[in-house]
Amino acid sequence: MTATQSSPGQPITLYTGGALFGLPDASPFCIKAEVQLKMAGVPYVKAQGMPDQGPKGQIPYIEDDGTRLGDSTFIRAHIEATYGVDLDAGLTPRQRALSWTIERLLENQLYWTVVYSRWLIPENFAKGPAQFFNRVPEAVREQMRQSVLERVTNNVRAAGPGRHSDAEIADLCDRSLSALSLLLGDQPYFMGDKATAVDATALGVLASLLTPYFDTEVRRRVLKYPNLLAYTDRLMARFFPDFAWVPAAA
Ligand SMILES: N[C@@H](CCC(=O)N[C@@H](CS)C(=O)NCC(=O)O)C(=O)O
């Protein structure tokens, strides 16, 4: 945690990337953090974040009572500890363990497919992340674009997908999507009738896979699972009622 200017009594400030690519936020982790705050019922305001200003060098991060804190999972822990809420209230230890396992699948595998699809498929990069650099001075714009692309390419390779073909990546994702579809079944939320923390993570990643802004093989695979589509639409309507989400199940 990094101490910053104190602001006692103020609502939490959530720093995110902002709405982009047909999503309430370009980052699944920012969607997750915002849904966690909504689930907790803790007042917050939003502000434009910059990864290099966050304590982890990434978005999302929050500022609460003068303290800056990064990483969606630590943000959740902070909210729960500080405001006396438990986003998994009512779950058994086994359900909590299953929730954590599902979150890891979403963040450690499927998220990297989102990154792969946006950055390593040239048409998607051109209409997507390449635009992040539009406000960089022209003299260094292309150099910076290529240097960040190189860094992300190395990350995607280290995380796994960067070593596989498009079809192999989609097949591996399909196994996870099939598992998620089975675990969700016909329940409204992953752990039953009530939204819990895992749903914040699932909404961020599934919506990011499903946005029609990017044409990807993985998106086509998600479209095979009607319950995952209906789930994403339902949670989007509940947690981002003012956002013009293009329903996936339509
Ligand atoms: N483990 C972090 C992951 C956050 C993350 O990967 N944020 C990305 C955007 S989706 C980011 O800020 N990337 C910039 C960078 O790593 O330089 C969390 O849960 O918040």
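Each value, and the rule that gives it
For every chain, the first residue of its written sequence is number 1, and the numbers climb from 1 along that sequence. For a predicted model such as this one, the threshold for reporting local features is a pLDDT of at least 70, and the threshold for listing and counting side-chain atom pairs is 80 or more; totals across whole chains, interfaces and linings nevertheless cover every residue. The basis for every side-chain value is the complete set of non-hydrogen atoms in the structure, without hydrogens or water. Here a residue counts as near a molecule or strand whenever at least one of its heavy atoms sits within 4 Å of it. For the purposes of these results, a polar contact is taken to be a pair of N or O atoms within 3.5 Å, where, inside protein, one atom must be able to donate a hydrogen and its partner to accept one; residues adjacent in sequence count only when each atom of the pair is a side-chain atom. Per-residue and other accessible areas were derived by the Shrake-Rupley procedure at a 1.4 Å probe size, with only the shown protein chains allowed to occlude residues. Following the grouping adopted for this structure description, the nonpolar residues are Ala, Val, Leu, Ile, Met, Phe, Trp, Tyr, Cys and Pro, the charged ones are Asp, Glu, Lys and Arg, and the polar ones are all others, Gly among them. Just so you know, the domain bounds were taken from an automatic or database domain assignment. Note on contacts: a residue pair is in contact if any heavy atoms of the two residues lie within 4.5 Å. Throughout, the accessible surface (probe 1.4 Å) given up by two parts as they are put together, summed over both, is called the buried area. The salt bridge definition used is simple: a Lys or Arg side-chain nitrogen within 4 Å of an Asp or Glu carboxyl oxygen. Put simply, DSSP marks the helices as runs of H or I at least four residues long and the strands as runs of E at least two long, and each gets a number from the N terminus on. Aromatic rings from Phe, Tyr and Trp, with only the six-membered ring used for Trp, were paired whenever their centres fell within 6.5 Å, and each pair was classed as stacked if the ring planes differed by under 30 degrees, edge-to-face if by over 60, and tilted otherwise. Only protein chains enter the calculation, and the probe is 1.4 Å; a residue is then buried if its accessible area is under 20% of its type maximum, exposed if over 50%, and partly exposed in between. UniProt positions are given in the numbering used here, feature names are shortened, and annotations may be inferred rather than shown by experiment. To define axes, lines are fitted to C-alpha atoms, for helices over the stretch in contact only, and angles between the resulting N-to-C directions are given on a 0 to 180 degree scale. With respect to orientation, any angle under 35 degrees is reported as roughly parallel, any angle over 145 as roughly antiparallel, any angle of 65 to 115 as roughly perpendicular, and every other angle as oblique. Here a crossing is taken to be left-handed if its near helix is turned anticlockwise relative to the far helix by less than a right angle, and right-handed if that turn runs clockwise.

By the naming in an unreviewed UniProt entry, the protein chain goes by Glutathione S-transferase and is assigned to Nitrospirillum amazonense.

Attention now moves to the site of the ligand. Taken together, Ser 27, Phe 29, Gly 57, Gln 58, Ile 59, Pro 60, Asp 71, Ser 72, Tyr 111 and Arg 151 make up the full set of residues near the ligand. Within the side chain of Ser 72, one N or O atom sits 2.5 Å away from an oxygen atom of the ligand. Between Arg 151 and the ligand, the recorded distance is 3.4 Å, taken from a side-chain N or O atom to an oxygen atom. Calculation on the ligand without its partners gives an accessible area of 520 Å², and the protein chains cover 76% of this total. Partitioning the shell around the ligand into residue classes produces four nonpolar, four polar and two charged.

All right, on to the domain arrangement of the protein chain then. Under the domain assignment used here, the protein chain contains domain 1 (12–83) and domain 2 (93–239). Each of domain 1 and domain 2 has a C-alpha centre, and these two points are 18 Å apart. Residue-level contacts link 17 residues of domain 1 with 25 residues of domain 2. Across the interface of domain 1 and domain 2, roughly 1,700 Å² is buried in total on both sides, 75% from carbon and sulfur atoms. A per-residue breakdown of the area domain 1 buries against domain 2 is headed by Phe 21, Pro 28 and Met 39, which together make up 37% of the total. For the interface between domain 1 and domain 2, the tally reads three salt bridges. Between Arg 76 and Glu 103 there is a salt bridge, and its shortest N-O distance comes to 3.8 Å. Seen at the junction of domain 1 and domain 2, the total is four residue pairs in polar contact (both at pLDDT 80 or more). Counting residues per element, the ones that place at least two in the side of domain 1 that touches domain 2 are α1 (28–40) and α2 (72–83). A class-by-class count of the residues in the side of domain 1 that touches domain 2 yields 10 nonpolar, four polar and three charged.

Tracing the backbone shows Thr 113 in helix α3 (residues 93–120). Discounting residues that sit within four places of it in the chain, Thr 113 has contacts with Pro 161, Ile 169, Cys 173 and Val 218.

It is worth spelling out the packing of aromatic side chains at this point. Summed over the entire model, instances satisfying the criterion amount to 10 aromatic pairs. Between Phe 21 and Phe 132, the aromatic rings sit 5.9 Å apart at their centres with planes inclined by 35°, giving tilted as the arrangement. Remark: Phe 132 occurs in the loop between α4 (122–127) and α5 (138–159) and Phe 21 occurs in the loop between β2 (12–16) and α1; sequence separation between them is 111 residues. Seen from their ring centres, Trp 119 and Phe 132 are 6.2 Å apart, and the 55° between their planes marks the pair as tilted. Of this pair, Trp 119 sits in helix α3 while Phe 132 sits in the loop between α4 and α5, placing them 13 residues apart in sequence. Residue classification places Trp 119 among the buried positions, given a relative accessible area of 13%. With relative accessibility at 43%, the residue Phe 132 sits in the partly exposed group. By way of ring pairs, the aromatic residues Phe 21, Trp 119, Phe 125, Phe 132, Tyr 213 and Phe 214 are connected into one cluster.

Feature annotation in UniProt places "domain: Metaxin glutathione S-transferase" (unreviewed entry) on residues 175–235, given in this structure's numbering. The annotated region residues 175–235 carries 66% helix and 0% strand content, and the separation between its end C-alpha atoms amounts to 23 Å.

Where α3 meets helix α6 (residues 166–184), the closest approach of the two axes is 11 Å, and the angle between their N-to-C directions is 150°. Classified by the interaxial angle, the pair formed by α3 and α6 is roughly antiparallel. Two packed elements cross with a definite hand, and for α3 against α6 that hand is left-handed. Only Asp 166, Ile 169, Leu 172, Cys 173, Ser 176, Leu 177, Leu 180 and Leu 183 of α6 make contact with α3, whose side of the interface consists of Leu 98, Ile 102, Leu 105, Leu 106, Gln 109, Leu 110, Thr 113 and Tyr 116. Of the residues that constitute the contact of α3 with α6, the class distribution is 12 nonpolar, three polar and one charged.

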